[in-house]
Amino acid sequence: MAPPQRIVITGFMGAGKTTVAVALARLADCRHVDLDALITAREGRTPQQLIDEEGEAAFRNVETRHLGYVLADARARVIALGGGAWTLERNRRIIKEHDCLTVWLDAPFMLCWERITLDREEVRPNARDLDRAVALYGERREAYALAALRVHVTPESSAEEIAAEILLTAKA
């Protein structure tokens, strides 16, 4: 059964947003969208390529535009944001206008870093070196804390357990 309210998942790179969104959509028998994957499909370039070729500000404009498209289409019940999308006030406003439950996957930095560095197929433009990633993690936490629900992620947490916790809260 689909959640009564759409769910938007935020958190740092490597926190598990996409994996949890897939598990949550499977558990709730509904449709999910990964915003970065949607951008890649529609723009023909990955977020990394857009940032490298046009700059981060241009990418953030593309990201906001596609977030608006996703939210206008009520079929997507679970939405995984890119790591920086939630940090922009304009995106938080759009999400609030669509009455979504916002969930912060709060994973420790070293868990995120381990996942980032394990996935060598996906180069993350804002995590090309440890110092930059640590700084960004610290900068973004304040914005992530604005989400309605905070879910602590540990190395032992499975996507299915996290999804069940989110779904339980969404139905409450």
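Heads up: the structure comes first, above all this text.
Residues numbered from 1 in each chain as written. Predicted model: local features only at pLDDT ≥ 70, side-chain atom pairs only at ≥ 80, totals over all residues. Heavy atoms only, no water.

### Some remarks on the nonpolar core
The nonpolar side chains of a soluble globular protein tend to be buried with one another. Counting residues in hydrophobic clusters, the biggest one holds 59 residues, and the most contacted among them are Phe12, Leu81, Leu105 and Ile166. Setting aside residues no more than four positions away along its own chain, Phe12 makes contact with Lys17, Phe109, Cys112, Ile116, Ala133, Leu136, Tyr137, Arg140 and Tyr144. (Core = buried A, V, L, I, M, F, W, Y, C linked by side-chain atoms within 4.5 Å. Buried < 20%, exposed > 50% of the residue type's maximum accessible area, 1.4 Å probe, protein only. Contact = heavy atoms within 4.5 Å.)

### Regarding the packing of helix 4 (residues 56–72) against helix 5 (residues 89–97)
It is at 10 Å that the axes of helix 4 and helix 5 come closest, and there the two elements cross at 0°. In terms of their interaxial angle, helix 4 and helix 5 are classed as roughly parallel. Judged by residue contacts, Arg60, Asn61, Glu63, Thr64, Leu67 and Leu71 of helix 4 engage Arg90, Asn91, Ile94 and Ile95 from helix 5. Tallied by class, residues from the contact of helix 4 with helix 5 come to 4 nonpolar, 3 polar and 3 charged. (Axes fitted to C-alpha atoms, helices over the stretch in contact; angles between N-to-C directions. Helix = DSSP H or I, 4+ residues; strand = E, 2+ residues; numbered from the N terminus. Parallel < 35°, antiparallel > 145°, perpendicular 65-115°, else oblique. Nonpolar A, V, L, I, M, F, W, Y, C, P; charged D, E, K, R; others polar.)

### So, unusual backbone geometry
Located in the positive-phi region is Asp29, a residue other than glycine, with phi close to 55°. Tracing the backbone shows Asp29 in the loop between helix 1 (17–28) and strand 2 (31–34). Looking at Asp29, the relative accessible area reads 65%, which means it is exposed. Notably, Asp99 is not glycine yet its phi reads approximately 50°, a positive angle. In this fold, Asp99 is placed in the loop between helix 5 and strand 4 (101–106).

### Considering helix 7 (residues 130–144)
Helix length check: helix 7 (15 residues) gives 20 Å between terminal C-alpha atoms against 21 Å at 1.5 Å per residue, within 8%. Close packing links the buried residues of helix 7 with strand 1 (7–11), helix 4, helix 5, strand 4 and helix 6 (109–118). (Expected span 1.5 Å × (residues − 1).)

### A word on the state of the cysteines
Tallied over the full model, the rule gives 0 disulfides. We note that Cys30 lacks a disulfide partner, and the nearest cysteine sulfur, in Cys100, lies 12 Å from it. The buried category is assigned to Cys30, whose relative accessible area is 18%. Classification of Cys100 as buried rests on a relative accessible area of 10%. (Disulfide = S-S within 2.5 Å.)

### A look at the sheet that holds strand 2
Spatial ordering of the open sheet is given by 2-3-1-4-5, a layout of 5 strands whose pairing is parallel. Both edges of this open sheet fall to strand 2 and strand 5 (149–152), since each of them pairs with a single strand only. Pairs of neighbouring strands in the sheet enclose a mean axial angle of 20°, with direction left out of account. Across 3 bridges, the pairing between strand 1 and strand 3 (residues 76–80) is parallel. (Pairing = 2+ DSSP bridges.)

### Considerations on the packing of aromatic side chains
By the definition in use, this model includes 5 aromatic pairs. On the numbers, 6.0 Å between centres and 20° between planes, the contact of Phe109 with Trp113 is stacked. Of this pair, Phe109 and Trp113 both sit in helix 6, separated by 4 residues, roughly a single helical turn. In terms of burial, Phe109 and Trp113 fall into one category: buried. (Phe/Tyr/Trp six-rings, centres within 6.5 Å; stacked < 30°, edge-to-face > 60°.)

### A few points about the side chain of Thr64
Relative to the helices and strands, Thr64 is located in helix 4. We classify Thr64 as buried; its relative accessible area is 12%. Not counting the four nearest positions on each side in its chain, Thr64 is found in contact with Leu88, Arg90, Asn91 and Ile94.

All we've got here are geometric facts, nothing functional implied.
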